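For reference, the chains in residue letters:
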Amino acid sequence: MSPVMAMSNPFHDALHFKYITSLGDKLDSPTSYEGAVTEHLRMSGVYWSLAALSLLRNAPEVDASMGLTKTREGDERIAIVDWVFSCFDAESGGFGGNVSGEYPHDGHLLYTLSALQILAMADCLHDQRLDKRAVVKFVCGLQNEDGSFSGDRWGEIDTRFTYCAFSCLALLGCMPLPHWDKETIASNNVNNGVTIDVHKAVQYVISCRNSFDGGFGAVPGAESHAGQVFCCIGALSIAHSLHLLNENIECNADVLSWWLAERQCDSGGLNGRPEKQADVCYSWWILSALSILGRVNWIDTSKLGQFIMNCQDGDDGGIADRPSDMPDVYHTFFGLCGLSLIGHLGEIGNSNGRIYREIDPVFALPADVVRRVGLNAQVVQSSQGYLDVRLMVHSVLGSS
């Protein structure tokens, strides 16, 4: 019997659709507590909403139901794409998390990536309003001397920002790839006017690895965390540098993958660090890394699928961090991503007569969007020679 067919909880497609499409009205209400506390990160919230719905519906349905490129009939809000451009901070060259009146919030790498991901889903990366030169300059200007990236001009450093920087440049079609021949390293940091030291950036990521468990932290010496692991593996994937994971025989990709696999709890869910509770969001942070590394089968995907299904809200739709908690769009998106990466979402669609779209584990976008934009990263083929069909758009590194 299919593991999906054996699940006790049904998949609430209609409720999830309603939950996602009505979220904007709830957050924009002047009495909304959630709207007030998430105002500063609205760009990411819109990305999570669009990406979640994009896994359940095709592009025209998403556009019509969310007002992506055109204002919905009877809706006072402008189209999402128009709102995204209103959040462009011309002073910095990046996108802010929201706009207050006529003034966009300060540009930040996190929200710049979310903005570009939204534009990619809307097929608007070639919109004349997108000042690619300014965005590229903004991203490159945030690299520090040691190769790390700051999130904005205030200087916080985190490996998340390396992933964001690489993803932004890839979406803009100007991510320089390193050449690891020592004779050519110094001459391969400029591509289409992009000036970053990609070798230093990659080496900084590697320096954030902990040799005792194979994981990655936010900065060198920081505790290993599953969210940081995805950011570091994703950055190495975009930079076609996954081979560096196996330069240290005693701390190779297998050691990292075992640490990730050990994050599975008795409930079937995954946690981000040892001794923590399972949380649906790690279905993305861990599975995406394992997918890139060709090792999704190192966890019990059936138990994980059941855990995610148990976290659905059967009354109002959406997915929570764990069973019986309140749902939110962040966990809804990453829960759907988890179901997609283990193949359960596709099976659910087949059993319900729907064709659900697949998530790409590197760029966190629907796989068809990744193909349309022409994004390319690096992934590892499993030791059994299997490669997920959605990954065939990427370059393949043989398993160690």
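To be clear, the structure that these remarks concern was listed above.
Along each chain, the written sequence defines residue order, and numbers are assigned to residues from 1. With pLDDT at 70 or above as the cut-off, local features in this predicted model cover only qualifying residues; side-chain atom pairs require 80 or more to be listed or tallied, and sums for whole chains, interfaces and linings still use all residues. The side-chain values count all of the structure's non-hydrogen atoms but skip hydrogen atoms and water molecules.

1. Some remarks on helix 5 (residues 59-66)
For step 1, the next point in the chain: Those residues of helix 5 that sit buried are V62, S65 and M66. In a view along the axis of helix 5, the buried residues occupy a sector of 85°, so they form one face of it. In helix 5, the exposed positions angled more than 90 degrees off the buried face are occupied by P60 and A64.
For step 2, the next point in the chain: By definition in these notes, contact holds between two residues if any of their heavy atoms fall within 4.5 Å. By the criteria applied, helices consist of DSSP H or I runs no shorter than four residues and strands consist of E runs no shorter than two, each listed in order from the N terminus. At its buried positions, helix 5 is contacted by helix 1 (13-21), helix 4 (42-56) and helix 6 (80-86).
For step 3, the next point in the chain: The N-cap residue of helix 5 is N58: its side-chain oxygen and the backbone nitrogen of E61 are 3.0 Å apart.
For step 4, the next point in the chain: In the segment just after helix 5, G67 is the residue with positive phi, at about 65°. Relative accessibility decides the category of a residue: with a 1.4 Å probe and only protein chains considered, values under 20% of the type maximum give buried, values over 50% give exposed, and everything between is partly exposed. The arc under discussion is defined with respect to the helix axis, by the directions toward the C-beta atoms. For this analysis, a polar contact is any N or O atom pair within 3.5 Å, provided that within protein one partner can donate a hydrogen and the other can accept it, and provided that sequence-adjacent residues contribute only side-chain to side-chain pairs.

2. As for the packing of helix 9 (residues 159-171) against helix 11 (residues 226-238)
If you want to describe how two helices pack, look at the angle between their axes and the distance between the axes.
For step 1, the next point in the chain: The axes are straight lines fitted to the C-alpha atoms, using for helices just the contacting stretch, and the angles between their N-to-C directions are given from 0 to 180°. Interaxial distance between helix 9 and helix 11 falls to 8 Å at its minimum, and their mutual angle equals 35°. Crossing geometry of helix 9 relative to helix 11 is assigned as left-handed. Together, T159, R160, T162, Y163, F166, S167 and A170 of helix 9 and Q228, F230, C231, C232, G234, A235 and I238 of helix 11 make up the contact between the two elements.
For step 2, the next point in the chain: Three classes are used: nonpolar for Ala, Val, Leu, Ile, Met, Phe, Trp, Tyr, Cys and Pro, charged for Asp, Glu, Lys and Arg, and polar for all others, with Gly counted as polar. Of the residues in the contact of helix 9 with helix 11, the class split is eight nonpolar, five polar and one charged. Note on convention: near helix rotated counterclockwise from far helix by under a right angle means a left-handed crossing. Clockwise means right-handed.

3. Points about the packing of helix 4 against helix 5
For step 1, the next point in the chain: In contact at an axis separation of 9 Å, helix 4 and helix 5 are set at 135° when each is read in the N-to-C sense. Classified by the interaxial angle, the pair formed by helix 4 and helix 5 is oblique. In the crossing of helix 4 with helix 5, the sense of the turn from one axis to the other is right-handed. Across from S49, L50, L53 and S54 in helix 4, the residues of helix 5 making contact are V62, S65 and M66. Convention used here: angles under 35 degrees read as roughly parallel, angles over 145 as roughly antiparallel, angles from 65 to 115 as roughly perpendicular, and any remaining angle as oblique.

4. Examining the side chain of R357
For step 1, the next point in the chain: Mapped onto the elements, R357 comes out in the loop between helix 16 (344-352) and helix 17 (367-373).
For step 2, the next point in the chain: Among the polar contacts listed, one links the side chain of R357 to the backbone oxygen of S54, at a separation of 3.2 Å.
For step 3, the next point in the chain: In terms of polar contacts, R357 uses its side chain to reach the backbone carbonyl oxygen of R57, at 3.1 Å.
For step 4, the next point in the chain: The residues contacting R357, other than those within four sequence positions of it, are S54, L55, R57, N58, A59, V62, S340, L345, P366, D368 and V369.

5. Some details on the pattern of salt bridges
For step 1, the next point in the chain: A pairing counts as a salt bridge when a side-chain nitrogen of Lys or Arg comes within 4 Å of a carboxyl oxygen of Asp or Glu. This model, assessed by the stated rule, comprises 15 salt bridges.
For step 2, the next point in the chain: Between D123 and R372 there is a salt bridge, with the nearest N and O atoms lying 2.9 Å from each other. In this pair, D123 sits in the loop between helix 7 (109-121) and helix 8 (132-140) while R372 sits in helix 17, placing the two residues 249 residues apart along the sequence.
For step 3, the next point in the chain: A salt bridge links R160 to D158; the shortest N-O distance between them is 3.1 Å.
For step 4, the next point in the chain: Its relative accessible area of 8% is what places D158 among the buried residues.
For step 5, the next point in the chain: Salt bridges sharing partners connect three or more residues here, namely D13, R57 and R354.

6. Some points on the packing of aromatic side chains
Geometrically, a pair of aromatic rings is defined through the distance of the ring centres and the angle of the planes.
For step 1, the next point in the chain: Pairing of aromatic side chains here covers Phe, Tyr and the six-membered ring of Trp, requires ring centres within 6.5 Å, and sorts the geometry by plane angle: under 30 degrees stacked, over 60 edge-to-face, intermediate tilted. If you walk through the whole model with that rule in mind, you get 13 aromatic pairs.
For step 2, the next point in the chain: Relative to Y330, the ring of W48 lies with its centre 5.0 Å away and its plane at 75°, an arrangement referred to as edge-to-face. With W48 in helix 4 and Y330 in helix 15 (residues 329-341), the pair connects residues that are 282 residues apart, well separated along the chain.
For step 3, the next point in the chain: With a centroid separation of 4.7 Å and an interplanar angle of 40°, the aromatic rings of W258 and W298 are classed as tilted. Taken together, the residues W258 in helix 12 (residues 253-261) and W298 in the loop between helix 13 (282-292) and helix 14 (301-310) connect sequence positions 40 residues apart.
For step 4, the next point in the chain: Residue classification places W258 among the partly exposed positions, given a relative accessible area of 49%.
For step 5, the next point in the chain: The class for W298 is partly exposed, based on a relative accessible area of 26%.
For step 6, the next point in the chain: Ring pairing ties together the aromatic residues Y47, W48, Y163, F230, W284, W285, Y330, F333 and F334, which thus form one cluster.

7. Thoughts on the environment of R295
For step 1, the next point in the chain: Its place among the elements puts R295 in the loop between helix 13 and helix 14.
For step 2, the next point in the chain: You can call R295 buried: its relative accessible area is 4%.
For step 3, the next point in the chain: Remark: the alpha-carbon pair of R295 and N144, spanning 151 residues in sequence, is separated by 33 Å.

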